[in-house]
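Single-letter residue listing:
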Amino acid sequence: MKELKILYLYPDILELYGDFGNIQVLKYRLEKRGFKAIIEPYSIGDTPPNFCDYDLVFAGGGADQEQGILAQDLITYKENIKQAVDNGTFFLLICGAYQLFGKYYKGVEGNKIPGLEIFDYYTEAIADRKKRCIGNIVIEANLNGKQTKIIGFENHGGQTFDIDTPFGSVLFGNGNKFGDTKEGFFLDNVIATYLHGPLLSKNPELTDYIIKYCLDRKYDEDIILEPLDDEFENKCREQLLDRFLTNNK
Ligand code: GLN
């Protein structure tokens, strides 16, 4: 049975916005097709992982304080993570994790949390707790040449700058900063985004895109994923897209 090894980073710390749901959706859509999902959590104090041993690394979002706590631990893996990125391991990073793969994240208190510096972007929160990008968001992303609407929910004070390769164009909501036209970061095997939701529960096509990338890379095949019955997901998407894009309710 084909399988994917997934490293789930800091599930006990980066879990403020329900991003664990992404792990559940990956597991569901793998197992429905007869693939095995091996999900290994890692947090502070656990045996150090070799990031290169994994097909997919996932990390969710968290508050400034939690980011400050784990940043010192995360940085100890900087070289190994860079190697895994270069080798092609897929990284799915949500919000707080997204921010920490850049140069730094300057929190709402003005404290500068060092990032992994894997990518050149940086993030600074507005020094006013009330000024946060919060709300539903819809972006349009290019997945293997197909323009795909991605639906989510954003909740971040951080404003991210110096993104050359965004995840998508903003159709509704803010994006990388207030009133931005672009959202997230997407480069080959790395998708970093502000979209909670959980992201993958609202976007089955994106989930399958990530699953296919990982399986094709691991087994060196062009694996055709058997279609799943996404009628319910698609009905929800139609409702949401209608609400956010046509009626602008
Ligand atoms: N604490 C960061 C911010 O406020 C990240 C928030 C998050 O992960 N949703 O921008």
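For the structure itself, consult the block above.
My aim in this report is to walk through the structure given alongside it, one point at a time.

Rules of the game
Residues numbered from 1 in each chain as written. Predicted model: local features only at pLDDT ≥ 70, side-chain atom pairs only at ≥ 80, totals over all residues. Heavy atoms only, no water. 1 Å grid on protein atoms, 1.4 Å probe; cavity = no way out; pocket = protein on both sides within 12 Å on 5 of 7 lines; lining within 4 Å. Points joined across faces, edges and corners; volume = space filled by probe spheres on them. Helix = DSSP H or I, 4+ residues; strand = E, 2+ residues; numbered from the N terminus. Nonpolar A, V, L, I, M, F, W, Y, C, P; charged D, E, K, R; others polar. Expected span 1.5 Å × (residues − 1). Buried < 20%, exposed > 50% of the residue type's maximum accessible area, 1.4 Å probe, protein only. Contact = heavy atoms within 4.5 Å. Near = heavy atom within 4 Å. Polar contact = N/O pair within 3.5 Å; in protein donor to acceptor, adjacent residues only side chain to side chain. Areas by Shrake-Rupley, 256 points an atom, 1.4 Å probe, with all protein chains shown as cover. Pairing = 2+ DSSP bridges. Axes fitted to C-alpha atoms, helices over the stretch in contact; angles between N-to-C directions. Lys, Arg positive; Asp, Glu negative; His and termini not counted. Salt bridge = Lys/Arg side-chain N within 4 Å of Asp/Glu carboxyl O. Parallel < 35°, antiparallel > 145°, perpendicular 65-115°, else oblique.

### Focus on the layout of surface pockets
Logical step 1: Quantified by volume, the largest pocket comes out at close to 190 Å³.
Logical step 2: Lining of the largest pocket is provided by Leu143, Asn144, Lys146, Thr148, Pro204, Glu205, Asp208, Tyr209, Pro227, Leu228 and Asp230.
Logical step 3: Contributing elements (two or more residues each) for the lining of the largest pocket: β9 (146-156) and α6 (204-219).
Logical step 4: Looking at the lining of the largest pocket, the element that brings in the most residues is α6, giving 4 residues.
Logical step 5: Class assignment of the residues belonging to the lining of the largest pocket gives a composition of 5 nonpolar, 2 polar and 4 charged.
Logical step 6: Looking at the second largest pocket, its volume works out to about 160 Å³.
Logical step 7: Taken together, 13 residues make up the lining of the second largest pocket; nearest its centre are Asp64, Tyr105, Val108, Arg129 and Arg132.

### So, helix α2 (residues 64-75)
Logical step 1: An ideal rise of 1.5 Å per residue puts 16 Å on 12 residues; α2 measures up with 16 Å between its terminal C-alpha atoms.
Logical step 2: Residues of α2 that are buried: Asp64, Gln67, Leu70, Ala71, Asp73 and Leu74.
Logical step 3: Looking at the buried positions of α2, the neighbouring elements they touch are β1 (3-9), β2 (36-42), α3 (78-87), α4 (96-100), β5 (104-106) and β6 (112-114).

### A look at the site of the ligand
Logical step 1: Lining the immediate surroundings of the ligand are 16 residues, of which Gly62, Asp64, Gln67, Cys95 and Gly158 lie closest.
Logical step 2: Between the ligand and the protein, one listed contact pairs a nitrogen atom with a side-chain N or O atom of His196 at 2.9 Å.
Logical step 3: Protein chains bury 99% of the 300 Å² of accessible surface belonging to the ligand in isolation.
Logical step 4: Elements represented by at least two residues in the shell around the ligand include exactly α2, α4 and β9.
Logical step 5: Class assignment of the residues belonging to the shell around the ligand gives a composition of 4 nonpolar, 10 polar and 2 charged.

### Some words on the sheet that holds strand β12 (residues 182-183)
Logical step 1: Spatial strand order, β9-β8-β11-β12: 4 strands in an open sheet with antiparallel pairing. The sheet is open, and its two edges are formed by β9 and β12, each paired on a single side.
Logical step 2: In terms of strand pairing, strand β8 (residues 133-143) meets strand β11 (residues 168-172) through 4 bridges, oriented antiparallel. Looking at β11, one finds that Ala141 is bridged to Gly168.
Logical step 3: Its contacts with the sheet put helix α7 (residues 231-246) on β8, β9 and β11, and the angle it makes with β9 is roughly 75°.

### A word on the environment of Thr193
Logical step 1: Mapped onto the elements of the fold, Thr193 is located in strand β14 (residues 190-193).
Logical step 2: What makes Thr193 buried here is its relative accessible area of 0%.
Logical step 3: Expressed as a C-alpha distance, the spacing of Thr193 and Gly152, which sit 41 residues apart in the sequence, is 9.7 Å.
Logical step 4: Apart from residues no more than four positions distant in its own chain, Thr193 is found in contact with Leu93, Ile94, Cys95, Tyr98, Phe167, Glu183, Gly184 and Leu199.
Logical step 5: A distance of 3.0 Å separates polar atoms of two side chains, one belonging to Thr193 and the other to Glu183.

### Topic: the side chain of Arg237
Logical step 1: For Arg237, the position within the fold is in helix α7.
Logical step 2: One buried charged side chain, Arg237, makes no salt bridge at all; its nearest oppositely charged neighbour is Glu205, positioned 5.0 Å away.
Logical step 3: For Arg237, the side chain forms a polar contact with the side chain of Asn203, separated by 2.7 Å.
Logical step 4: Contacts of Arg237, omitting those with residues within four sequence positions, involve Lys149, Ile151, Lys202, Asn203 and Pro204.

### Here's the deal with the environment of Gly168
Logical step 1: Note that Gly168 resides in strand β11.
Logical step 2: Along the chain, Gly168 and Ala141 lie 27 residues apart, while their C-alpha atoms are 4.3 Å from each other.
Logical step 3: Ignoring sequence-local partners within four residues, the contact set of Gly168 consists of Ile139, Glu140, Ala141, Thr181, Lys182 and Glu183.

### Some points on the pairing of β9
Logical step 1: As paired elements, β8 and β9 share 11 bridges and run antiparallel to each other. Note on β9: the bridge partner recorded for Glu140 is Lys149.
Logical step 2: Counting the residues in the hairpin turn of β8 and β9 gives 2 residues, including Asn144, whose phi is positive at 50°.

### A word on the packing of helix α1 (residues 20-31) against α6
Logical step 1: One way to put it is that α1 packs onto α6 with a least axis distance of 10 Å and a crossing angle of 70°. Judged by the inter-axis angle, α1 sits roughly perpendicular to α6. Contacts between α1 and α6 pair Val25, Leu26, Arg29 and Leu30 from the former with Pro204, Thr207, Asp208 and Ile211 from the latter.
Logical step 2: Among the residues making up the contact of α1 with α6, the classes are represented as 5 nonpolar, 1 polar and 2 charged.

Purely spatial values, then, with no claim about function.
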